[in-house]
Structures are given as C-alpha cells and as structure tokens.
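# Descriptive structure summary
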Amino acid sequence: MSVVTRFPPSPTGYLHVGSVRTALFNWLYARKVGGKFILRIEDTDRARSSQEAVDIIFAGMEWLGLDYDEGPYFQTQRFDRYGEVIEQLLAQDKAYHCYCSKDRLETLRAEQMAQKLKPRYDGRCRDRIGAPPQGIAPVVRLKTPREGAVAIEDKVHGYITTSNLELDDLVISRSDGTPTYHLTVVVDDIDMGVTHIIRGDDHINNTPRQVHIIEALDAPRPLYAHVPMINGADGKKLSKRHGAVSVLEFREQGFLPDALTNYLARLGWAHGDQEIFTRAELINAFDFDGLNKSAATFDWDKLLWLNQQYIQNAEPAALLALAAPYLESAQLQLDKGPDIAAAVEAQRTRAKTLVEIAEQSHMFYGEFIRDEAAAKKHLRPVIGPALKAIQGKFAAVETWHGTELKDIVEQTAAEFDMKMGKVAQPLRVAVTGSSASPSIDTTLELIGRERCLERLDAALIYIAERAVA
RNA sequence: GCUCCCUUCGUCUAGUGGCCUAGGACGUCGGCCUCUCACGCCGAAAACAGGGGUUCAAGUCCCCUAGGGAGCGCCA
C-alpha cells in the first residue's frame, strides 16, 4: 500500500512554525517512501477563515520548498460529501438527532464539574422514545460505544488506550447543518486515502473519538504519529509573545529556508549526533524511531547558528540569489558601489542572517555613518600623519587592489614605527565609520578609491578638530 | 475536577539492561589565531526530577510521588 500523508492547516491567520514542522515531517516521510503528500485547507470555520490566510499558507509552503502532490483541497467545497456521510450514519442508526438545548448542556456540564466528574453528554436524545420535539433544529451526534476501550497504535507513543467511558456522543453536525471538525477530518482522510497521520500531540485525546467515526464508517484506520509540541523559553506553547512564530516572519528576518527546515526537523527528532542535514539527507534519514516524545523549547541561538552555517557554506551564486531581495529592500545604492557578489562574499563569515548581510553592506553602498564611540577611540591626533600618508599613497596607486592596498598600509605602519593594528584599525574606522568590517584589504577594495579618499578627508578633519579642542 | 501524554547538561539531543567515568550540538566561560568583527581551532564548567522496586547489573524495565503539557465545545 502506498503511503499518503497530509497537512491540513486552518486559514485563520499566519502559518505557525509549529504547524510547519508537522507539515515537514509529513512531507519528509512521503518523500522518503515515495508516497504522496496532500495539502488540505480546513476552512469550515468561515468566520475566521480568509483568502489572505490561504495565500499565506501557500507562500510559506513554497518558501520552504514543501511541495504537495495533491490538493489544495478546500473543506468548504466538500460540504455535500459531509452531508452524505451524516445521512448515511443516521440511516444506519450509528448517529442520532439531538434536540438538547445549549442551556441544558451547559447546566449538565456545570453539574458534572461540581460533582468532580468529567463533563460528558448524558445521551438523553440517544435514548429518547417517541416523536421528536417540534420547532427545534437538532444537531447530529455519533453513537459511541458505551463500554469497552479503544487502543490506538501510535508510532511515537506506542499503544494508547482510552476507555469509552471517557468519551461521549460527539456532535458531528451542527444545528445549522454544517459538519464539525472531527467529522470532516475523518471523512477527508478516508476519501483521500491518507495512511499516516503525523500531527501535534495535542490531538492525542481527539484520536479515540475520531477512531469511532472511522469505525462507524467501516473504514481502515490510518497509522498515527503524534509529535511533541514546540514551546517558548517559558515552557508555554510557542506563541507570538515569544517572538516570531509565523514562517514568513522568519523569511523577513533573513533566515534561509533550508536552515529553518533543518532546525525544525531537529526539534523533536534526531538522527544520532548529526546536526546539519541537506534536504536529501533529511529525506533519507527521517524515520519515526527518531521522533521524540517530549515537548521541545524553541532556541533562537541555535537557529541563528544554523543559519550562519548555511550562509557560510552556500554556493556563491546561491548565496547571492538568496541575499538579493534583502539588499534591494535595504535601500542601498547598488549601482554606486562594488560588485555585489564580492560584497556578499566579504560578509559570509560574519553574518548570521541575510538581513545582517544587507545591513553590513551599508559601508560599501550607503551613506557614511560614523560610529562616534569608535571614532573617539581610534581617530586620535597621533594617527593623523599616518592616515595622511596612506591617503597620499592611495591617491597615487595604480590599481586599486586589496593586496597592494594592504601592503601600503603595512609599509606605512613600518615607516611610522607602528604596529599594523595601530594603523589598520583607525583606517578602518576612517573609511567604514565602524570598528568592525571585513579584513582591511577587502574592505578598502570594496569601498573603492574615491570613497576612501573622501572619507579619509573627513577623518583628517575630524582629527584636526579634536587636536584644536 | 476528570482522563491522557511527557520528564537526560540552561537549550536541542545521543542513549532501546553491561561499551556510561552519561556522548554530541547551541549557548556560556577560558585559550589560540588575528588589522577589527567574525570564522576556525583547542579546552572547561554543565544533566539521568524524587522515592521505591525488578535484576548479578538500571539513564535504560515496573510502581508511586512531584512537576509540566493537552483534551474534556454546535473551534479547528
């Protein structure tokens, strides 16, 4: 039997990284075994669903390279089918109409809670004899077994058994005729031939109820794998107050899709000691055995580190393509600076995100911004003559090339009987405005002669003013 | 409240009864490299939630306790 997995998000806002991680596991498994991965939009809650949210889901999936083989299906387009199933269940006496008012149900719940019991529907309408009450739009409830237990096989938790006494007759159709979540997922999964359900472990308690629907429909049971949730640093479910949770925010912040994917895969799953996986390795290595049982805490530092690793090891052309949109939106005057590929290369070991690459490129393309603290520390009168000398040599040098420029700096340092660092650092501050930049040779080369000379002028003026004061 | 799930360094994790003197990674701290910031390299501190069993032997199996999470909707 060929494997079918699925990702069923609700389009009610952003695409949560936690959801994406379960999508990733489903995708990985399908790819590994040559199965099918389905995307299904669960938009039955029309009030909260929006087209915009649907587009966000598409964008997020595409960005991360999670392609699907079937779909997207939309549950709102399958209402006829759900209605059919509900009628069938009613006809087979596996479900019944319930006329109990919400008031009664609330009271019932309150009473049960007061008695320290688990709130459950008492089955009044299931046992009702005689004609149904008039003028009330009923809901439809599933007849769940009143004794026995359900055992579900879970690939990460083993067998989980639940007594049917814990369950009640759940509503499968609302009084307005729309189907409820439990009914729709089950019907969809059956119709779409889903064989493996990999989802968050917040669904463990839902599984027995869904199994009863499957049973009522005489359908084969899928295999379950309930993966742990992702928490924030405070141990609570990862949410907006922990920072970014929407995958598109990660994109905005300059993370590479492969880095995020790699990180997410390693949250709750491991393959020995391996930390960095290519896509292909991930697909190849993924298995249920590597899945963990306990919730994982989202660790920004580790994600950042991974992102940095990916930036560092990316092919030059690939990195450039990845960085391009960020450079563009950083409002740099790209036409008034060095070759963009060279600028990006110069940043690769010192940027944790693509946004940082863009920010740090300001010194090559943008306006000069002087870091006052750095200037105060390094642009002292004592360095003036050396900078002046360097400026003169820079103006005269034939080819503006890093190694020659560095030689000039070294020679000048020697002439003034200073160490390389004593000259290079003030020079760096003079031409970049900052105390941190790539090595002095590539920094000079990238900034270019004209800019270097101008900025040295400014630095010399700055120094002169300090000497007076 | 009831039911279910979970529990190895700060964090992600390896570990499937002896190979564990509990390994790796991030982070932290120290050092090296060095023109700065990084990268890289070397090193250090750092964990089996607690208590009972089972066993020649337990991080690994069982029970209890504690802590955390989830579900208990005409929400998904």
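See the structure printed just above.
Criteria and cut-off values
- Residues numbered from 1 in each chain as written.
- Chains lettered and ligands numbered in written order.
- Predicted model: local features only at pLDDT ≥ 70, side-chain atom pairs only at ≥ 80, totals over all residues.
- Heavy atoms only, no water.
- Helix = DSSP H or I, 4+ residues; strand = E, 2+ residues; numbered from the N terminus.
- Rg over C-alpha atoms; globule rule 2.2 N^0.38 Å.
- Buried < 20%, exposed > 50% of the residue type's maximum accessible area, 1.4 Å probe, protein only.
- Contact = heavy atoms within 4.5 Å.
- Pairing = 2+ DSSP bridges.
- Axes fitted to C-alpha atoms, helices over the stretch in contact; angles between N-to-C directions.
- Core = buried A, V, L, I, M, F, W, Y, C linked by side-chain atoms within 4.5 Å.
- Patch = residues over 30% accessible without salt bridge, like charges linked within 9 Å, V, L, I, M, F, W, Y side chains within 5 Å.
- Areas by Shrake-Rupley, 256 points an atom, 1.4 Å probe, with all protein chains shown as cover.
- Salt bridge = Lys/Arg side-chain N within 4 Å of Asp/Glu carboxyl O.
- Lys, Arg positive; Asp, Glu negative; His and termini not counted.
- Charge placed at Lys NZ, Arg CZ, Asp CG, Glu CD.
- Near = heavy atom within 4 Å.
- Polar contact = N/O pair within 3.5 Å; in protein donor to acceptor, adjacent residues only side chain to side chain.
- Nonpolar A, V, L, I, M, F, W, Y, C, P; charged D, E, K, R; others polar.
- Expected span 1.5 Å × (residues − 1).
- Parallel < 35°, antiparallel > 145°, perpendicular 65-115°, else oblique.

A tally of helices and strands in chain A yields 20 helices and 12 strands. For a compact globule of 469 residues, the expected C-alpha radius of gyration is about 23 Å, and chain A comes in at 32 Å, more than 25% above that figure. In terms of overall dimensions, chain A has a C-alpha envelope of 110 × 50 × 35 Å along the principal axes. For chain A, with 469 residues in total, the buried portion stands at 49%. Considering only contacts in chain A between residues 6 or more positions apart, those separated by 24 or more positions represent 75%.

The three strands are arranged E4-E5-E8 in an open sheet whose pairing can be described as antiparallel. A single partner strand is all that each edge strand has here, and the edge strands are strand E4 (95-98) and strand E8 (171-173). Sheet twist, expressed as the mean angle between neighbouring strand axes with direction ignored, is 45°. In the sheet, strand E5 (residues 139-142) pairs with E8 via two bridges, with the strands oriented antiparallel. Paired with Val140 across the bridge in E8 is Ser173.

Moving on, we come to the nonpolar core. Phe250, Phe298, Leu379, Phe394, Leu427 and Leu444 are the most contacted members of the largest nonpolar core, which has 101 residues in total. With nine residues, the single largest contributor to this core is helix H1 (residues 17-33). Once residues lying within four places of it in the same chain are set aside, the contact partners of Leu427 are Leu387, Ile390, Phe394, Val409, Ile440, Leu444 and Leu456.

Another point: the sheet that holds strand E1 (residues 4-7). Adjacent strands of a sheet pair through backbone hydrogen bonds, lying either parallel or antiparallel. Strand order in this open sheet of three strands is E1-E2-E3, and the pairing throughout is parallel. Looking at strand neighbours, the two that pair on one side only are E1 and strand E3 (70-74), the edges of this open sheet. Along the sheet, successive strands turn relative to each other by an average axial angle of 25°, direction set aside. Two strands pair when backbone bridges link them, and E1 and strand E2 (residues 36-41) are joined in this way by four bridges, in the parallel orientation. Directly across from Thr5, in E2, lies its bridge partner Phe37. Most of the contacts of helix H2 (residues 51-64) go to E2, to which it runs at about 155°, and overall it touches E1, E2 and E3.

Not every positive phi belongs to a glycine, and Asp218 is a case in point at roughly 55°. Structurally, Asp218 is set in the loop between helix H6 (207-216) and strand E10 (223-227). Residue classification places Asp218 among the exposed positions, given a relative accessible area of 65%.

Taken together, Lys376, Lys377, Arg380, Lys419 and Lys422 make up a surface patch of like positive charges. Note on placement: Lys422 falls in helix H18 (residues 420-432).

Burial analysis of strand E9 (residues 196-200) places five of its five residues in the buried class, which makes it a mostly covered element. Alignment of E9 against E10, held across five bridges, turns out to be parallel. Among the inter-strand pairings, Ile198 is bridged to a residue of E10, identified as Ala225.

Turning our eyes to something else, we now look at the protein's contact with RNA strand B. With respect to spatial proximity, 65 residues lie near RNA strand B, and among them Ser10, Arg174, Lys236, Gly268 and Thr349 are the closest. What you see for RNA strand B is that sugar and phosphate hold 67% of its atoms within 4 Å of the protein. Asp45 places a polar side-chain atom, nitrogen or oxygen, 3.2 Å from a sugar or linking oxygen of RNA strand B. A distance of 3.4 Å separates a base nitrogen of RNA strand B from a polar side-chain atom of Lys118. The set of elements that each furnish at least two residues to the surface near RNA strand B consists of helix H4 (102-114), helix H5 (181-191), strand E12 (296-297), helix H10 (300-313), H18 and helix H19 (440-447). When residues in the surface near RNA strand B are grouped by element, the largest group, six residues, is from H10. Looking at side-chain class alone, the surface near RNA strand B contains 20 nonpolar, 23 polar and 22 charged residues.

Okay, the pattern of salt bridges next. For the structure on display, the rule yields 24 salt bridges. In this structure, the salt-bridge partner of Arg40 is Asp189, at a minimum N-O distance of 2.9 Å. Of this pair, Arg40 sits in strand E2 while Asp189 sits in helix H5; the two residues are 149 residues apart in sequence, bridging distant segments of the chain. The class for Asp189 is buried, based on a relative accessible area of 6%. Linking Arg279 and Asp258 is a salt bridge whose minimum nitrogen-to-oxygen distance equals 3.3 Å.

Attention now goes to helix H17 (residues 402-415). When the terminal C-alpha atoms of H17 are compared, their 20 Å separation across 14 residues agrees well with the 20 Å that a helix rising 1.5 Å per residue should span. For H17, the elements touching its buried residues are helix H16 (384-396), H18 and H19. Just beyond H17, the residue with positive phi is Asp417, at close to 60°.

Moving on, we get to the packing of H16 against H18. One can describe the packing of H16 onto H18 by two numbers: an axis separation of 11 Å at closest approach and a directional angle of 70°. Here H18 runs roughly perpendicular to H16, going by the angle between their axes. Contacts from Leu387, Ile390 and Phe394 in H16 reach Val423, Pro426 and Leu427 in H18. Counted by class, the contact of H16 with H18 contains six nonpolar, no polar and no charged residues.

Another aspect to go through is the packing of H1 against helix H8 (residues 257-265). Relative to each other, H1 and H8 sit at 80°, their axes nearing to 10 Å. Here H8 runs roughly perpendicular to H1, going by the angle between their axes. Residues Val17, Val20, Arg21, Leu24 and Phe25 of H1 touch H8, and the partners they reach there are Thr261, Leu264 and Ala265. Residues of the contact of H1 with H8, tallied by class, amount to six nonpolar, one polar and one charged.

Nothing here speaks to function; it is geometry throughout.
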